[in-house]
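# Summary of the model geometry
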Amino acid sequence: LRVQLVQLGGIVVLLSAPLTLRADLATDQARKENVEAEKQFNLGNFSEAATHYKRAYEAKPLPEFLYNLAQCYKRMSKLEHLEKGRFYFESYLRNAPQAPNRSDVEAEIAELDRRIERGRSEKGRSETAVAQTSSAGRKIGGGGEGRIGGIGGHPPAAGRSVPRPHSRTGRG
């Protein structure tokens with residue numbers, strides 16, 4: 001019986017070593033993706049940054065990566081991007097219910113709601129103008145094309161920076 005216990009202990013050790021190695025590899029992958037995402041974000045390449053934050057989250061599902069995804073999408077101009085930004089902010093709050101920045105994130109969601117509504121209104125006016133152009137042979141009204149003006153690369157809420165999830169990925 002004593003030998004079996006040792007062997008069982010040996011099996012646990014053998015099984016836990018690959019799991020630990022896999023966790024370390026996931027942490028390293030998340031860290032690498034996060035570093036690249038931050039670089040792309042700082043360069044204003046928000047679509048590329050979002051791709052890397054998604055990969056980081058897939059490697060190590062930390063809520064901060066969801067927050068950073070939302071920050072990327074809120075800086076893009078198409079309506080579908082704003083909707084994704086809203087989705088990722090909500091997902092962040094679901095996955096980090098005690099988030100210290102909850103009220104700020106809720107304010108971000110409210111702002112995105114306003115921009116999404118404005119974008120839908122502009123898109124509706126644009127579609128109406130296109131329909132009128134088709135039937136009348138000339139363009140009436142203008143604008144839109146599903147883009148929302150004035151949403152360039154403004155920084156996160158006053159004085160706040162994007163959380164740095166890579167600092168948490170070093171934890172076990």
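Read on for a plain summary of the structure. Just so it is clear, the model here is predicted, and its values are computed rather than measured.

### Points about the environment of Ala59
Residue placement: Ala59 occurs in helix 2 (residues 46-59). With relative accessibility at 23%, the residue Ala59 sits in the partly exposed group. It is 7.0 Å that separates the C-alpha atoms of Ala59 and Thr27, two residues lying 32 residues apart in sequence. If we skip the residues at most four places from it in the chain, Ala59 touches Ala26, Gln29 and Ala30.

### Considering the environment of Ala23
With respect to the helices and strands, the residue Ala23 is situated in helix 1 (residues 2-42). Overall, Ala23 belongs to the partly exposed group, its relative accessible area being 38%. Remark: the alpha-carbon pair of Ala23 and Lys60, spanning 37 residues in sequence, is separated by 8.5 Å.

### Describing the packing of aromatic side chains
Across all of its chains, the model carries five aromatic pairs by this definition. On the numbers, 5.7 Å between centres and 15° between planes, the contact of Tyr73 with Tyr88 is stacked. Of this pair, Tyr73 sits in helix 3 (residues 63-74) while Tyr88 sits in helix 4 (residues 79-95), placing them 15 residues apart in sequence. Take Tyr73 and Tyr88: they sit in the same class, and that class is buried. A relative accessible area of 14% means that Tyr88 is categorised as buried. Through successive ring pairs, a cluster of aromatic residues spans Tyr67, Phe89 and Tyr92.

About the criteria used
Residues numbered from 1 in each chain as written. Predicted model: local features only at pLDDT ≥ 70, side-chain atom pairs only at ≥ 80, totals over all residues. Heavy atoms only, no water. Helix = DSSP H or I, 4+ residues; strand = E, 2+ residues; numbered from the N terminus. Buried < 20%, exposed > 50% of the residue type's maximum accessible area, 1.4 Å probe, protein only. Contact = heavy atoms within 4.5 Å. Phe/Tyr/Trp six-rings, centres within 6.5 Å; stacked < 30°, edge-to-face > 60°.

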